[in-house]
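# Residue-level structure breakdown
So you can see what is in the structure, the chains are spelled out below.
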Amino acid sequence: MEAQLMDLARSAGATVVTLMATEAWERARDGLSAVWRRVSPARADTVEGELEATREELLRARQSGDETAVQELGDEWAGRLRRLLREHPEAADDLRQIIADLAPTTPQAPSAVQMRARASGSGRVYQAGRDQHITER
């Protein structure tokens, strides 16, 4: 699968989960449901139910401060969207449009950059999302 489509799925999954706790939730749900109805009508009702179930789980996780669960829900939807795009790459433009339309209403839109590092022994790790200046003496 193209890296672009994988990035789109990851970004869309995070955005959808973020929007589940906002006033834009219904627009996000309706947009995703419409995409599924176009490319996989037999799954559309099931996906709508899964979106609603995820929203309930997200609201509980946010209320309890469980950020790990919130991240897992975003990853879960990224996987679903990745599978959808793998089977129906023609849905990418629709998905991009939905995300673009909802982007202004996304609070603290998640970045596509994810960094993980592990150092062992005397190793050092330096990571930055933007500029980084290191002066070692």
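Right above here is the structure, for reference.
## Re the nonpolar core
By size, the foremost hydrophobic cluster in this structure holds 33 residues, and its most contacted members are Met 20, Trp 36, Leu 51, Leu 81 and Leu 85. Those elements giving two or more residues to this core turn out to be helix 1 (3-19), helix 2 (25-39), helix 3 (41-64), helix 4 (67-87) and helix 5 (92-102).

## A look at helix 3
Along its 24 residues, helix 3 runs 35 Å from first to last C-alpha, staying within 8% of the 34 Å computed at 1.5 Å per residue. Along helix 3, the residues that are buried comprise Ala 44, Val 47, Leu 51, Thr 54, Leu 58 and Ala 61. Buried positions along helix 3 lie against helix 1, helix 2 and helix 4. Gly 65 sits one or two residues past helix 3 and shows a positive phi near 75 degrees.

## Re the packing of helix 1 against helix 4
The interhelical angle for the contact between helix 1 and helix 4, taken along N-to-C directions, is 135 degrees, at an axis separation of 7 Å. Considering the angle they form, helix 1 stands oblique to helix 4. Classified by chirality, the crossing of helix 4 by helix 1 is right-handed. In this structure, helix 1 contributes Leu 5, Met 6, Leu 8, Ala 9, Arg 10, Ala 12, Gly 13, Ala 14 and Val 17 to the contact, and helix 4 contributes Val 70, Leu 73, Gly 74, Trp 77, Ala 78, Leu 81, Arg 82 and Leu 85. Broken down by class, the residue content of the contact of helix 1 with helix 4 amounts to 13 nonpolar, 2 polar and 2 charged.

## Considering helix 5
For an α-helix, the turn length of 3.6 residues means that residues three or four places apart are oriented alike. Every buried residue of helix 5 is listed here: Ala 92, Leu 95, Ile 98, Ile 99 and Leu 102. The arc enclosing the buried residues of helix 5, seen along the axis, measures out at 125 degrees, which places them on a common side.

## Topic: the packing of aromatic side chains
Within this structure, the stated rule accounts for 1 aromatic pair. Taking the centre distance of 6.3 Å and the plane angle of 85 degrees together, the rings of Trp 36 and Trp 77 count as edge-to-face. Of this pair, Trp 36 sits in helix 2 while Trp 77 sits in helix 4; the two residues are 41 residues apart in sequence, bridging distant segments of the chain. For the pair formed by Trp 36 and Trp 77, the shared burial category is buried.

Procedures and definitions
Residues numbered from 1 in each chain as written. Predicted model: local features only at pLDDT ≥ 70, side-chain atom pairs only at ≥ 80, totals over all residues. Heavy atoms only, no water. Core = buried A, V, L, I, M, F, W, Y, C linked by side-chain atoms within 4.5 Å. Buried < 20%, exposed > 50% of the residue type's maximum accessible area, 1.4 Å probe, protein only. Helix = DSSP H or I, 4+ residues; strand = E, 2+ residues; numbered from the N terminus. Expected span 1.5 Å × (residues − 1). Contact = heavy atoms within 4.5 Å. Axes fitted to C-alpha atoms, helices over the stretch in contact; angles between N-to-C directions. Parallel < 35°, antiparallel > 145°, perpendicular 65-115°, else oblique. Left-handed = near helix turned anticlockwise from the far one by under 90°. Nonpolar A, V, L, I, M, F, W, Y, C, P; charged D, E, K, R; others polar. Arc of directions from axis to C-beta. Phe/Tyr/Trp six-rings, centres within 6.5 Å; stacked < 30°, edge-to-face > 60°.

This is a description of form; function is not addressed.
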